[in-house]
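# An overview of the molecular structure
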Amino acid sequence: MNIRLRRLEYDDAPALVEIVNDEDVQRYLLLSMLPYTLSDAQNFIEYAKNMSLKGGEQVFAIICDGLMVGIISYVVGTGHKSCTASIGYYVGKRYWGKGIAAAAVRLVVKNIFLNASVCRIYAEIFAPNSASARVLEKCGFVCEGKLKKTVVKDGIVFDALVYALTR
């Protein structure tokens, strides 16, 4: 498997629609976006392009053997949090269990540590998302703790786990 990251392109919109419209993929995304339309995907790609130019959130397509299979992004903190970056990611269901998410996390971690003055990278995940916890642990992240009742999705309040990796 050849895994790489690249900036989103408008041609990625149909693949993005297919990935995000899966209820299992949606389960632990912060936003509820069903149904996710081609227009939604195009708007997200435009957002990602604009944020990249402004130095905000950096969004990448996860490419596996030439196919766009997911999204990974990061945001470098500002002010007193400028030494940290947060990451988030998702992969299409048909690509689960193949090590793709872990490979993408490793690539984005390398990118962050090479290109930003960051000493800590963290991810905040829904506590029940054991698959994401395994991905982070495989990449050397350590669970720093639980944030009780910290996120609401579809009217349900969830705990979150904070995983971090330091230089």
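Our structure is the block above this text.
Below, the structure is looked at part by part. All figures in this text were calculated on a predicted structure; none of them were measured in a lab. (Residues numbered from 1 in each chain as written. Predicted model: local features only at pLDDT ≥ 70, side-chain atom pairs only at ≥ 80, totals over all residues. Heavy atoms only, no water.)

## Some words on the overall build of the protein
Quick note on the threshold: Helical segments are the DSSP runs of H or I of at least four residues, strand segments are the runs of E of at least two, and each set is numbered from the N terminus. This radius of gyration counts C-alpha atoms alone. The globule rule is 2.2 Å times how many residues there are, raised to the power 0.38. Buried, partly exposed and exposed residues are distinguished by accessible area as a fraction of the type maximum, computed with a 1.4 Å probe on protein chains only: under 20%, between the cut-offs, and over 50%, respectively. Should any heavy atoms of two residues lie within 4.5 Å, those residues are counted as being in contact. Working definition of accessibility: Shrake-Rupley area with a 1.4 Å probe, residue cover restricted to the visible protein chains. Residues scored as positive are Lys and Arg, those scored as negative are Asp and Glu, and His as well as the terminal groups of each chain are ignored. To locate a charge, the coordinates of NZ of Lys, CZ of Arg, CG of Asp or CD of Glu are taken.
Within the protein, the regular secondary structure consists of five helices and seven strands. Shown N-terminal to C-terminal, the secondary structure of the protein runs as helices and strands in the order β-α-α-α-β-β-β-α-β-α-β-β. Taking 15 Å as the expected radius of gyration for a compact globule of 167 residues, we find that the protein reaches 15 Å, a close match to that expectation. When its C-alpha atoms are laid out on the principal axes, the protein stretches across 35 × 35 × 30 Å. Expressed as a percentage of its 167 residues, the buried residues of the protein come to 43%. Long-range contacts, defined here as pairs at least 24 residues apart, represent 62% of the contacts in the protein between residues at least 6 apart. Counting only carbon and sulfur atoms, one obtains 54% of the accessible surface of the protein, whose full area is about 9100 Å². Charge separation in the protein, taken as the distance between the mean sites of 20 positive and 16 negative side-chain charges, equals 7 Å.

## Describing helix α5 (residues 130-138)
Spelled out, the test is: Working definition: the arc comes from the directions between the helix axis and the C-beta atoms, pointing outward to the latter.
The complete set of buried residues in α5 reads Ser 132, Ala 133, Val 135 and Leu 136. Burial along α5 is one-sided: seen end-on, the buried residues are contained in an arc of 160 degrees. Turning to α5, the residues buried within the fold contact β4 (84-91), α4 (100-115), β5 (120-126) and β7 (156-166). With its phi angle positive at about 90 degrees, Gly 140 sits one or two positions after the end of α5.

## Some words on the side chain of Arg 6
To be explicit about the condition: Two N or O atoms form a polar contact when they lie within 3.5 Å of each other; inside protein one atom must be a possible hydrogen donor and the other a possible acceptor, and for residues adjacent in sequence the pair counts only when both atoms belong to side chains.
The residue Arg 6 is located in strand β1 (residues 3-7) in this model. Among the polar contacts made by the side chain of Arg 6, one reaches the side chain of Asp 12 at a distance of 2.8 Å. Filtering out sequence-adjacent residues up to four positions away, Arg 6 remains in contact with Asp 12, Phe 60, Ala 61 and Ile 63.

## Some remarks on the sheet that holds β4
Inclusion rule: Criterion used throughout: strands pair if DSSP finds at least two bridges between them. Angles shown run from 0 to 180 degrees and are taken between the N-to-C directions of axes, each axis being a line fitted to C-alpha atoms and, for helices, limited to the stretch in contact.
Strand order across the open sheet formed by seven strands is β1-β2-β3-β4-β5-β7-β6, with mixed pairing between neighbours. What marks the edges here is a single partner per strand, and that holds for β1 and β6 (142-153). Across the sheet, the mean angle from the axis of one strand to that of its neighbour is 30 degrees, orientation sign disregarded. Bridge analysis of strand β2 (residues 58-64) against strand β3 (residues 67-76) gives seven bridges, and the strand direction is antiparallel. Residue pairing for β3: Cys 64 is matched across the bridge by Leu 67. Taken strand by strand, helix α3 (residues 38-54) contacts β1, β2 and β3, and its axis lies near 120 degrees from that of β2.

## Quick look at the state of the cysteines
The cut-off we apply is this: By convention in this document, the label disulfide applies to cysteine sulfur atom pairs within 2.5 Å.
Applying the stated criterion to the full structure yields zero disulfides. Counting only cysteine sulfurs, Cys 83 is the nearest neighbor of Cys 119, a cysteine outside any disulfide, at a range of 4.0 Å. Of the residues examined, Cys 119 reaches a relative accessible area of 38% and is grouped as partly exposed. Sulfur of Cys 143: no disulfide; nearest cysteine sulfur belongs to Cys 139 and is 15 Å away.

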